[in-house]
Amino acid sequence: MMTMIQEDEIRFDARDGYSLSGRIITPDTPRGAVLISSGTGFPKGLYRRLALAGAEAGYACLIYDYRGIGGSAPRQMRGFKADIVDWGRLDYAAALDRAADLAPGLPLFAIGHSVGGHLVGFADNATAPLAHAFIAVGTGYWGAHDASYRPSALLFWLLYGPACLALTDHIPAGGIWGGTALPRDVFLQWRQWASKPNYFGHYLDQLTPHNFDAVTAPIRSWTFSDDRLCARRSAEDLLKLYPKAPSEHVRLDPADIGAGRVDHHGAFKKESAAFWPMIFNWFDQVSGSVSR
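What comes next is a walk through the structure.

Parameters and conventions
- Residues numbered from 1 in each chain as written.
- Predicted model: local features only at pLDDT ≥ 70, side-chain atom pairs only at ≥ 80, totals over all residues.
- Heavy atoms only, no water.
- Buried < 20%, exposed > 50% of the residue type's maximum accessible area, 1.4 Å probe, protein only.
- Helix = DSSP H or I, 4+ residues; strand = E, 2+ residues; numbered from the N terminus.
- Core = buried A, V, L, I, M, F, W, Y, C linked by side-chain atoms within 4.5 Å.
- Contact = heavy atoms within 4.5 Å.
- Pairing = 2+ DSSP bridges.
- Phe/Tyr/Trp six-rings, centres within 6.5 Å; stacked < 30°, edge-to-face > 60°.

Attention now goes to helix H1 (residues 48-56). Buried residues of H1: Leu 50, Ala 51, Leu 52, Ala 53, Gly 54 and Ala 55, and no others. Positive phi shows up at Gly 58, right after H1, with a value of about 105°.

Attention shifts here to the nonpolar core. Membership of the largest hydrophobic core comes to 60 residues, with the highest contact counts inside it found for Leu 62, Tyr 92, Trp 193, Phe 200 and Tyr 242. No other element matches helix H2 (residues 84-100), which puts 10 residues into this core. When residues no more than four places from it in sequence are discounted, the contact partners of Leu 62 are Ile 10, Phe 12, Gly 22, Arg 23, Ile 24, Val 34, Leu 35, Ile 36, Ala 95, Arg 98, Ala 99 and Leu 102.

The element strand E2 (residues 19-27) is largely enclosed, with a buried count of 8 among its 9 residues. As defined by bridge partners, strand E1 (residues 5-13) adjoins E2 across 9 bridges and the pair is classed as antiparallel. In the strand pairing of E2, Asp 8 is matched with Ile 24. Hairpin geometry of E1 and E2 is characterised by an intervening segment of 5 residues between the two adjacent antiparallel strands and by a positive phi of about 90° at Gly 17. Relative to strand E4 (residues 59-64), E2 runs antiparallel, the two sharing 4 bridges.

Turning our eyes to something else, we now look at helix H4 (residues 184-194). Residues of H4 that are buried: Val 186, Phe 187, Gln 189, Trp 190, Trp 193 and Ala 194. Looking at the buried positions of H4, the neighbouring elements they touch are H2, helix H3 (150-168), strand E7 (170-171) and strand E8 (182-183).

Further remarks concern the packing of aromatic side chains. Here the structure, examined in full by the defined rule, presents 32 aromatic pairs. Ring centres of Tyr 59 and Phe 109 lie 5.8 Å apart, and the angle between their planes is 90°; this geometry places the pair in the edge-to-face category. Of the two residues, Tyr 59 sits in strand E4 while Phe 109 sits in strand E5 (residues 108-113), which places them 50 residues apart along the sequence. With relative accessibility at 1%, the residue Tyr 59 sits in the buried group. With a centroid separation of 4.7 Å and an interplanar angle of 25°, the aromatic rings of Tyr 66 and Trp 87 are classed as stacked. Placement of the pair is Tyr 66 in the loop between E4 and H2 and Trp 87 in helix H2, with a sequence separation of 21 residues. Accessibility classification places Tyr 66 together with Trp 87 in one group, the buried group. Through a chain of ring-to-ring contacts, the aromatic side chains of Tyr 59, Phe 109, Trp 222, Phe 224, Phe 275, Phe 280, Trp 282 and Phe 283 assemble into a single cluster.

Here you go:
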């Protein structure tokens, strides 16, 4: 029987009332809900194919843009105030509530790409998901990147980024950055964390309240061998910041999913479609083990 899927563009309020752009992709009779959270500088549209795959598997999915990104960006970036902790406490938390509303009383899951896996512990409802799928989620510490990527990281942190802030008060889209425009304080906070081996873990005492210690739902982290930014060490260091969550790191080669190249964001492109069922099949397993 063919699954009927509906897509709707929405606006919803963050915790502080800031208007966020989202898209709901849901089957007619969902058996659970999934929040899909973006990587830094990636607009929600990158994740549409993954959300469609989720809907075909029976999950109502929400994709969205953090404040300052894509459809949630202001008309003028100069002077716009937002940092990564805001994305977690205000945007991610509200999006998690909105995703839960798509399938009331049914299991809620979360998928995080890159920074999307960092935000969980900053949310006041961090314990709501039944499980977390991390994709290319690692620390941003420059020294944990693949050695071939470190010169590019240092160029971004020490030269390109500061020059952009001096000229425009934000990181413009494109250029050697390559992503969407970034608010000033997102860059500055990210750079501060990236200077420490324990990344934001070094600053957690200064970033209260947070819920990293409260997350006990399982985390399965998928990374790819050709991702120079999220090297093995980076991914495994990040998982340590969720000390009470049972975690598993699955390191794949692009050939394992029939892709020529995956890198840091290729897991969401159509060439990587063979990867997507791994996520939703795992959610099925988690949901089944809880219901027994």
